[in-house]
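Structural overview for review
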Amino acid sequence: EDSFKEMLRVKRSVQARATDARHLAEVELSKQPVKSKKPAVDLPTATANPDEVAIDDDDLSEYIEISDARAGHYAISSMQTRGAPAIAIVAALSLAAELSTMHFDTSASARTHIHMQLDYLATSRPTAVNLFDAITKLKHAVDTTITDNGQAVRDTYVQMAERMLNADVKDNMAIGEHGAQLIGNDKVRVLTHCNTGTLATAGYGTALGIVRSLHAQGSLDRVYFTETRPYNQGARLTAFELLTEEIPAQLVCDSAVSALLRSDPMIRAIVVGADRVAANGDTANKIGTYQLAITARYHGCQFIVAAPTTSIDLHTKSGADIVIEERDEAEILVQTGFERQGVLEGRLKRVEVQVAPVGTRAWNPSFDVTPAELISAIVTERGVVVKLPGASEFDMAGHMRGE
């Protein structure tokens, strides 16, 4: 039990982070916002927020306690936490929190319980492969622990989950460095989609990690970021991260990107994250990514995918085999925000707005698939993957082998 030192804490205050279709919260940013501590996972949420709070309080961060896998499953499926790397970390540590309070008489009983709960966590969201990669590694770790001691099996799991947390931050910083080198050292502008930063990972971010690295080396003139309908992860989460770190940035409507690329020749690249990269490089990411790749190709702009190798799924041959999650149409028909007058007066009052007439039907896929043909490069913690001359697809298996 002593190995599970700290609770998972993804800090946020009450102004900018999406949780479900009706609630928001703001994330209190740090270089590594995900931390662990026994015996529970502490995950920030807006669902427990009062309807109205003062915004001049010293600390508006609040948390829900996640003490077991069931609570972790709900946090993921309801989008109290989102972002492929963060989903995997929350799943792993929610079960670690549960295990830290349990006693197992035999190694077999510990393994059986761990396998059962990991299989349950796998049902939380279907598209992000990081979750399934983490589950596979965690099962392997406990299955290869040679012992008859149930507590030793439990401790092996907890230690592995904690290592995943730390590894994700390290990998993201490497992605940032590789991506910044690829884009260049002269002053550039880039565009990004959704939220791929500290709030979607264990820290630093993937595509937004590249933006951070460009800014750190003095190469970033400006980053444009999309609102990312219908959940507005860009307008709420990415905006907050960029404002907090004082990175020069400008928000654009999802439907304005083509006009922006035509009007601003300084935009060097569109940089996005990934929830699953197939063996040929086809990439599933937040809905709207595919159309960005199309317009990037037309305007001669690089289209770069940033993803850790945990997002690469060699068992999926192409994007045609990727399961796309469809979410509740209410996320499109109803919008949630804070009353503007209240914000101006120093208080946050949450309100819902019915955008479309009652009875309107909506199609709400959470992701789309961008064909490898439209992707210029895929950046992982290991380096930059490009296509061979004349090829329309990537050799992701070769990259994983170190070729």
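A few points on the structure. Everything numeric here is computed off the predicted structure, so don't read it as measured data.

1. Concerning the nonpolar core
One finds Leu-95, Ile-114, Leu-118, Leu-138, Tyr-157 and Met-164 to be the most contacted residues of the largest nonpolar core, which totals 33 residues. Counting only elements with at least two residues in this core, the list comes to α1 (69-77), α2 (84-99), α3 (107-121), α4 (129-143) and α5 (150-183). The element that contributes the greatest number of residues to this core is α2, accounting for ten residues. Sequence-distant contacts of Leu-138, defined by excluding residues within four places in its chain, comprise Ala-92, Leu-118, Tyr-157, Met-160, Ala-161 and Met-164.

2. Quick notes on the sheet that holds strand β16 (residues 367-370)
Read from one edge of the open sheet, four strands run β13-β10-β11-β16, paired in mixed fashion. Only two strands of the sheet have a single neighbouring strand rather than two, namely β13 (312-313) and β16. Relative to β16, helix α9 (residues 289-298) is tilted by about 35°, and along the sheet it contacts β11 (283-286) and β16.

3. Quick look at the packing of aromatic side chains
Per the counting criterion, the structure on display carries zero aromatic pairs. Between the NZ or CZ atom of Arg-212 and the centre of the ring of Tyr-204, over which it lies, the distance is 6.0 Å. For the cation-ring pair, Lys-286 lies above Phe-367, with the distance from its terminal atom to the ring centre recorded as 4.8 Å.

4. With respect to the packing of α2 against α5
Running from N to C, α2 and α5 cross one another at 155°; their axes reach a closest spacing of 9 Å. In this view, α2 runs roughly antiparallel relative to α5, as classed from their interaxial angle. Between α2 and α5 lies a crossing whose hand is left-handed. Contacts between α2 and α5 involve Pro-85, Ile-89, Ala-91, Ala-92, Leu-93, Leu-95, Ala-96 and Leu-99 from the former and Arg-154, Tyr-157, Val-158, Ala-161, Glu-162, Met-164, Leu-165 and Asp-168 from the latter. Residues belonging to the contact of α2 with α5 are distributed by class as follows: 13 nonpolar, no polar and three charged.

5. Overview of the side chain of Arg-276
Summarising the element assignment, Arg-276 is placed in strand β10 (residues 276-278). Residue Arg-276 is classed as buried on the basis of its relative accessible area, which comes to 11%. A polar contact is formed between the side chain of Arg-276 and the backbone oxygen of Pro-126, at a distance of 3.4 Å. One polar contact links Arg-276 to Asp-313, side chain to side chain, over a distance of 2.5 Å. In contact with Arg-276, not counting residues within four places along its chain, are Pro-126, Thr-127, Ala-128, Val-129, Phe-132, Asp-282, Thr-283, Ala-284, Ser-311, Asp-313, Thr-316 and Ile-322.

6. Quick notes on the side chain of Arg-82
Tracing the backbone shows Arg-82 in the loop between α1 and α2. Buried charge without a partner: Arg-82 forms no salt bridge, and the closest opposite charge is Glu-241, 6.5 Å away. A polar contact of 2.9 Å, which involves the side chain of Arg-82, links it to the backbone oxygen of Asn-195.

7. A closer look at helix α7 (residues 233-244)
For α7, built from twelve residues, the straight-helix expectation of 16 Å at 1.5 Å per residue is met to within 8% by its first-to-last C-alpha distance of 16 Å. Where burial is concerned, most of α7 is hidden: nine out of the twelve residues are buried. Positive phi appears at Glu-246, one or two residues downstream of α7, with a value of about 55°.

8. Some points on the packing of α2 against α3
At a minimum axis distance of 11 Å, the contact between α2 and α3 shows a crossing angle of 145°. Two packed elements cross with a definite hand, and for α2 against α3 that hand is right-handed. Of the residues in α3, those in contact with Ala-91, Ser-94, Leu-95, Glu-98 and Leu-99 of α2 are His-113, Ile-114, Gln-117, Leu-118 and Leu-121. Class assignment for the residues of the contact of α2 with α3 results in six nonpolar, three polar and one charged.

The rules behind these values
- Residues numbered from 1 in each chain as written.
- Predicted model: local features only at pLDDT ≥ 70, side-chain atom pairs only at ≥ 80, totals over all residues.
- Heavy atoms only, no water.
- Core = buried A, V, L, I, M, F, W, Y, C linked by side-chain atoms within 4.5 Å.
- Buried < 20%, exposed > 50% of the residue type's maximum accessible area, 1.4 Å probe, protein only.
- Helix = DSSP H or I, 4+ residues; strand = E, 2+ residues; numbered from the N terminus.
- Contact = heavy atoms within 4.5 Å.
- Pairing = 2+ DSSP bridges.
- Axes fitted to C-alpha atoms, helices over the stretch in contact; angles between N-to-C directions.
- Phe/Tyr/Trp six-rings, centres within 6.5 Å; stacked < 30°, edge-to-face > 60°.
- Lys NZ or Arg CZ within 6 Å of the ring centre and 35° of its normal.
- Parallel < 35°, antiparallel > 145°, perpendicular 65-115°, else oblique.
- Left-handed = near helix turned anticlockwise from the far one by under 90°.
- Nonpolar A, V, L, I, M, F, W, Y, C, P; charged D, E, K, R; others polar.
- Polar contact = N/O pair within 3.5 Å; in protein donor to acceptor, adjacent residues only side chain to side chain.
- Lys, Arg positive; Asp, Glu negative; His and termini not counted.
- Salt bridge = Lys/Arg side-chain N within 4 Å of Asp/Glu carboxyl O.
- Expected span 1.5 Å × (residues − 1).

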